[in-house]
Structures are given as structure tokens and as C-alpha cells.
Amino acid sequence: MPDPIFSDLYRDTDDLVWAPTEQVRRRGRQRTRRTQIAAGLATVVAVGVVASGVALARPDVAPPPVPPATVEPTTPTPTPTPSSTPSAEPSASGAATPSRTTGRPAGSTGGGSTSRAPSRTIPAAAMLQLADLPSGFTIDTEGVEGDWSLESVTLFCRNESPTLADGQIATRSVTFDSPTDWLTQRVTRHSGTSATTVMKNLRKFVTGCEMEQPDDSLSIMAESLGGDDGVLVGSDIGGKPGRWLFVRQGDLVAQLRLDSQTTPTEARRLARAVANRLCAGTDTC
């Protein structure tokens, strides 16, 4: 009696159609080649990984050269003709639109003249001249040694003082000498509305200074002396008096060290001369 296993196998394969012998052999050869190719690729990948690890571990080994990139030729952009450049024309709202040729608004939206571009320098004409001072003064080309400005008084204040250099973008100084005294002027230019902030900080500085010594003092002696704003500051530190005059005109602020006995009336006359000179450096006059 046949074995049940062979009986079942015979029954399951009785209706099968077997491929020709040559076809079976060809499929076998193809499978063998595919196996050999897969094994070869695995070997290449393994070698590449090992080589990369060695290159990373050894900085002295240079990486393989990178092939040059292919640059596609570009078509040059045509240059616009003068007739194609748009001009500044009023918009529907009535405001002037920026000109593409200058990058600045064609019209001014604020006060003041726009005929001259804003300057970051201070011209010599904006400084005091010998004609503005009493006879006997000469220009001191060497200047003054040490810090003569009001900011030096912060050394005698226990609390922190606000800055007088807010938005400062330019500075210029001049010193005058006489047989009995000397006068120094420093003019600073400030961005935006920072010059107004400086004058506010000046008042906070003077009124808020808490003196280290109870006998020392710092006070505002007079205001509205000339220009857009003018302040005379007086001090008495260590028994020695001091005077500083501040004048603002537009974005310029002038600080002057005066004779220690200067009165508010004398400071007013000088402040007007200072303000007139400052007009040479700002368009707000």
C-alpha cells in the first residue's frame, strides 16, 4: 500500500504543468547571477562605509574632489531706459510716493526745509567766533586738558545721572583763551528728537543730583536764554563756583564752560550769539 504522504503529493501534483527543462535551467542561471550581483553591491557599500570612517578619523586624508557644478547660462536683464523709470506722483490720498531713483520721499511730510540733505558733521561756521566774544580772546589751538564738561560733576553725585549723549552722532569743540580766563564750547548733533531728550536729561541731572558733600550744590540759574532752549547751570563744589551754558537749536546742542562769575544777563547775551551760529549747522532756523 503506498505511503499516504506520497499519495497526497501525487494527488496535488497530478494536474500541474511542468515547465520545459531548458526554461528551468535558464531561471536557475538568472537567479545565480542576481545573487552574485547583490553580494557584490553589499561588498562595495561595506568598503565605502569603512573608507568614510577612515577619512573622518584621519583629518590628514583629503576628501575626494567634488566635480564642478554645471552653470547654466543666464540671459542678461535688460537695463531700463530713462523713459521707463517711474517718477514720483501723488497717490490717491494726496501724499507723495517715494521715487525709485533716489529711495527718498519726493515730498516732505514734516516741518523745515528739505533743500539740504541731513549732515552728520558740524561745520566750523556753527561754532562761536572771536567776533562773538569780548576783546582780548584768542583761539587756543591746544585745547583744554582734563574734563571741563558738566558731566564731570557726576563724580560728586551719589546717585546715577541721566546721559547727555542720547543719540549723539557728531561732535566739535573750540577753545578760546584770554589773559584772565578761558572759554570752551562743544557742539553735538543728535539723531531724531534726541536733542530735546538731552535738554530734558540735563534738567533731571541738575535737579536730581544728590551731592556727596552737604555743602556742595548744583542748580539751574536761568532758562529760556536763547535758541530753541537755553539753560544756565551753576555749581558750588568744594567752595569753588562753576558755570555751564546749554543752548539747543534744532538737532544741535551747545555746551559752554563760562567764567565762574557769569550772571544770567551775561549768559543770555552769549546764548543768543551761540544760537545764531548754530543755525549754520541746522535747517530748523
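Scroll up to find the structure.
What comes next is a walk through the structure. What you are looking at is a predicted structure, and each value in this text was computed from that prediction instead of being measured.

Rules of the game
Residues numbered from 1 in each chain as written. Predicted model: local features only at pLDDT ≥ 70, side-chain atom pairs only at ≥ 80, totals over all residues. Heavy atoms only, no water. Helix = DSSP H or I, 4+ residues; strand = E, 2+ residues; numbered from the N terminus. Buried < 20%, exposed > 50% of the residue type's maximum accessible area, 1.4 Å probe, protein only. Contact = heavy atoms within 4.5 Å. Areas by Shrake-Rupley, 256 points an atom, 1.4 Å probe, with all protein chains shown as cover. Disulfide = S-S within 2.5 Å. Phe/Tyr/Trp six-rings, centres within 6.5 Å; stacked < 30°, edge-to-face > 60°. Lys NZ or Arg CZ within 6 Å of the ring centre and 35° of its normal. Salt bridge = Lys/Arg side-chain N within 4 Å of Asp/Glu carboxyl O. Pairing = 2+ DSSP bridges. Axes fitted to C-alpha atoms, helices over the stretch in contact; angles between N-to-C directions. Expected span 1.5 Å × (residues − 1). Arc of directions from axis to C-beta.

On to the overall build of the protein chain. Helix and strand content of the protein chain: four helices and seven strands. The linear arrangement of helices and strands in the protein chain, starting from the amino end, is α-α-β-β-β-α-β-β-β-β-α. Burial status across the protein chain gives 27% buried among its 285 residues. The contacts in the protein chain between residues at least 6 apart in sequence include a share of 61% that link residues at least 24 apart. If you sum the accessible surface of the protein chain, you get close to 19,400 Å²; carbon and sulfur atoms cover 56% of it.

Here we take up the state of the cysteines. What is meant by a disulfide is a covalent connection between two cysteines, made through their sulfur atoms. Tallied over the full model, the rule gives two disulfides. C279 shares a disulfide with C285; S-S distance 1.9 Å. Here the S-S torsion is close to -95 degrees, and the disulfide linking C279 with C285 is therefore left-handed. Using a relative accessible area of 27% as the deciding quantity, one classes C279 as partly exposed. Regarding the disulfides, the protein chain carries the connectivity 1-2, 3-4 under sequence-order numbering of its bonded cysteines.

Let's shift gears to the packing of aromatic side chains. Scanning the model with the defined rule gives zero aromatic pairs in all. One Lys or Arg, R257, reaches over the ring of W182 and ends 3.9 Å from the middle of that ring.

Let's shift gears to the pattern of salt bridges. One pass over the structure, following the stated rule, counts eight salt bridges. Residues R257 and D181 are paired through a salt bridge, measuring 3.2 Å at the closest nitrogen-oxygen approach. Of this pair, R257 sits in strand 7 (residues 252-258) while D181 sits in the loop between strand 2 (168-177) and strand 3 (182-190); the two residues are 76 residues apart in sequence, bridging distant segments of the chain. Salt bridges linked by common partners bring R203, E223 and D229 together as one network.

Now for the environment of T193. Relative to the elements of secondary structure, T193 occurs in the loop between strand 3 and helix 3 (194-208). In this structure the C-alpha to C-alpha distance between T193 and G167, which are 26 residues apart in sequence, comes to 8.5 Å.

With eight of nine residues buried, strand 5 (residues 229-237) lies mostly within the body of the structure. Between the end of strand 4 (residues 217-223) and the start of strand 5, which pair antiparallel, lie five residues, with S224 showing a positive phi angle near 55 degrees. Pairing of strand 5 with strand 6 (residues 240-249) involves nine bridges; the strand directions are antiparallel. Its bridge partner being in strand 6, V231 is matched across the sheet by F246. In this antiparallel pair of consecutive strands, strand 5 and strand 6, the connection spans two residues, and G238 shows a positive phi of 65 degrees.

Strands sit in the order 1-2-3-7-6-5-4 across an open sheet of seven strands; the sheet is antiparallel. Only two strands of the sheet have a single partner each, and these edge strands are strand 1 (138-139) and strand 4. As defined by bridge partners, strand 1 adjoins strand 2 across two bridges and the pair is classed as antiparallel. Each bridged residue has a counterpart across the sheet, and for I139 the counterpart in strand 2 is F176. Lying on the sheet, helix 4 (residues 264-278) is in contact with strand 3, strand 4, strand 5, strand 6 and strand 7; it crosses strand 6 at an angle near 35 degrees.

On to the pairing of strand 6. Burial runs high along strand 6: eight of the 10 residues are buried. As paired elements, strand 6 and strand 7 share seven bridges and run antiparallel to each other. When the sheet's bridge partners are listed, F246 is paired in strand 7 with Q255. Here strand 6 folds back onto strand 7, and the loop between the two strands holds two residues, one of which, G250, carries a positive phi near 65 degrees.

With that out of the way, let us pick up the environment of L232. Along the chain, the position of L232 falls in strand 5. It is 4.6 Å that separates the C-alpha atoms of L232 and L245, two residues lying 13 residues apart in sequence. Here L232 is in contact with S219, I220, M221, A222, L225, W244, L245, L258, T262, T263, P264 and A267, once residues within four sequence places are set aside.

Attention now goes to helix 3. Spanning 15 residues, helix 3 covers 20 Å between terminal C-alpha atoms, matching the ideal 21 Å at 1.5 Å per step. Of all the positions in helix 3, only S194, A195, V198, M199, N201, L202, F205 and V206 are classed as buried. Angular distribution of buried residues about the axis of helix 3 spans 160 degrees; they occupy a single face of the element. Away from its buried face by more than 90 degrees, helix 3 exposes K200, K204 and T207. Residues of helix 3 that are buried make contact with strand 3, strand 4, strand 5, strand 6 and strand 7.

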